[in-house]
Amino acid sequence: MTVQQDIETKLQDKLRPDHLEVINESSNHNVPPGSESHFKVIIASDAFDGKLLVARHRLVNEILADELKHKIHALALHTYSPAEWAELNGGAPASPPCLGGGK
Amino acid sequence: MDVMERIDQAVKENPVVIFMKGTPQMPQCGFSSRAAQALMACGKEFSHVNVLMDPEIFENLPRYANWPTFPQIYINGELIGGCDITLEMYQKGELQKMVTEAVEGEKAAG
């Protein structure tokens, strides 16, 4: 499994995100081609509801503790509650509600 | 002095301190650079510790506040977070407020 898949699987399993993007940004850095050293994670999950940013990042850091210790050099984190994510322009707009017109 | 005591001292004796790779003027890492820039944009003095010049702090800071990455920003003795949190707070105007209150509070108490 690549580091990227490993990150995706762990976050998917533990946080059941509404939205998850794991982006390998290593090519922007001074590392050999094909490296998996620098990642960016954009994630929206119920697990972040009502939590301060520092607590959200702690949660992700704990889930990825092993990767952070041994594999990843840098991890950019953007954490949202589902409501915050929905408000963002980059977020997928919510589907319109049913207005009851016909079957 | 023990390294954890040295870290603790830097955290508690400065209203605003960033542990970073390099210095605000000569940052050695993109994340450290952006976080230091956000702090500079707040227009108040802040302290910095260059973790690349202090291998002991580099090794031990992650376990001080159980935070695995650099930079780390502390305001009034509390971990605010790393680069992404600092920037997000800056964009919301929260960082400026916290930094100003911490620095002014320190002066008033001092």
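Before reading on, note that the structure itself is shown above.
Keep in mind it's a predicted model, so treat the numbers as computed, not measured. (Residues numbered from 1 in each chain as written. Chains lettered and ligands numbered in written order. Predicted model: local features only at pLDDT ≥ 70, side-chain atom pairs only at ≥ 80, totals over all residues. Heavy atoms only, no water.)

Before going further, it helps to spend a moment on the side chain of Thr86(B). With respect to the helices and strands, the residue Thr86(B) is situated in helix H4 (residues 83-91). Residues within four places of Thr86(B) in sequence aside, it is in contact with Ala35(B), Ala38(B), Ile73(B), Gly81(B) and Leu95(B). (Helix = DSSP H or I, 4+ residues; strand = E, 2+ residues; numbered from the N terminus. Contact = heavy atoms within 4.5 Å.)

Right, let's talk about the sheet that holds strand S3 (residues 74-80) of chain A for a bit. All names here are of chain A. Within the open sheet, the three strands sit side by side as S1-S2-S3. Their pairing is mixed. One side of each edge strand has no neighbouring strand; the edge strands of this open sheet are strand S1 (19-24) and S3. Strand-to-strand twist in this sheet, taken as the mean axis angle between neighbours without regard to direction, amounts to 10 degrees. In this structure, strand S2 (residues 38-44) lies alongside S3, joined through seven bridges in parallel fashion. Directly across from Ala44, in S3, lies its bridge partner Tyr80. (Pairing = 2+ DSSP bridges. Axes fitted to C-alpha atoms, helices over the stretch in contact; angles between N-to-C directions.)

Now for helix H1 (residues 3-15) of chain A. All names here are of chain A. Across its 13 residues, H1 extends 18 Å between first and last C-alpha, which sits within 8% of the 18 Å expected from 1.5 Å per residue. Among all positions in H1, only Val3, Asp6, Ile7, Leu11 and Leu15 are buried. Down the axis of H1, the smallest arc covering the buried residues is 120 degrees, so these residues share one side. Packing partners of the buried residues in H1 comprise S1, S2, helix H2 (53-63) and helix H3 (65-70). Positive backbone phi, approximately 40 degrees, marks Arg16, located one or two places after H1. (Expected span 1.5 Å × (residues − 1). Buried < 20%, exposed > 50% of the residue type's maximum accessible area, 1.4 Å probe, protein only. Arc of directions from axis to C-beta.)

All right, on to the pairing of strand S1 (residues 16-20) of chain B then. Consecutive residues of a regular strand have side chains that alternate between opposite faces of the sheet. All names here are of chain B. Extensive coverage of S1 is indicated by the burial of five of its five residues. The alternating pattern of S1 places Val16, Ile18 and Met20 on one face and Val17 and Phe19 on the opposite face, and all of these are buried. As paired elements, S1 and strand S3 (residues 72-75) share four bridges and run antiparallel to each other. From the neighbouring strand, Phe19 faces S3, where its bridge partner is Gln72. Summarising the sheet, S1 and strand S2 (residues 47-50) pair through four bridges and their orientation is parallel. By the bridge assignment, Phe19 is partnered in S2 with Val49. Each parallel crossover has a hand, and for S1 linked through helix H2 (residues 30-41) to S2 it is right-handed. (Right-handed = clockwise from strand over helix to strand, strands pointing away.)

A separate point is the interface of chain B and chain A. At the junction of the two partners, chain B supplies 13 residues and chain A supplies 13 residues. Together chain B and chain A conceal approximately 1,100 Å² of surface at their shared face, both sides included; 62% is due to carbon and sulfur atoms. At the boundary of chain B with chain A, the tally comes to zero salt bridges. For the side of chain B that touches chain A, the elements supplying multiple residues, two or more each, are strand S4 (78-81) and H4 of chain B. Per element, the largest residue contribution to the side of chain B that touches chain A is four residues, and it comes from H4(B). Here the residues of the side of chain B that touches chain A are counted per class, giving eight nonpolar, two polar and three charged. (Buried area = accessible area lost by both parts, 1.4 Å probe. Salt bridge = Lys/Arg side-chain N within 4 Å of Asp/Glu carboxyl O. Nonpolar A, V, L, I, M, F, W, Y, C, P; charged D, E, K, R; others polar.)

It is worth spelling out the environment of Glu56(B) at this point. All names here are of chain B. In this structure, Glu56 sits in helix H3 (residues 55-64). For the pair Glu56 and Ala10, spaced 46 residues apart in sequence, the C-alpha separation works out to 14 Å. Every residue in contact with Glu56, bar those within four places of it in the chain, is listed here: Val3 and Arg6.

To continue, consider the pairing of S2(A). Residues and elements named next belong to chain A. Across the seven residues of S2, six count as buried, placing the element largely inside the fold. Looking at chain direction, S1 and S2 are connected through six bridges and run antiparallel. Across the sheet, the residue bridging to Leu20 is Ile43, located in S2.

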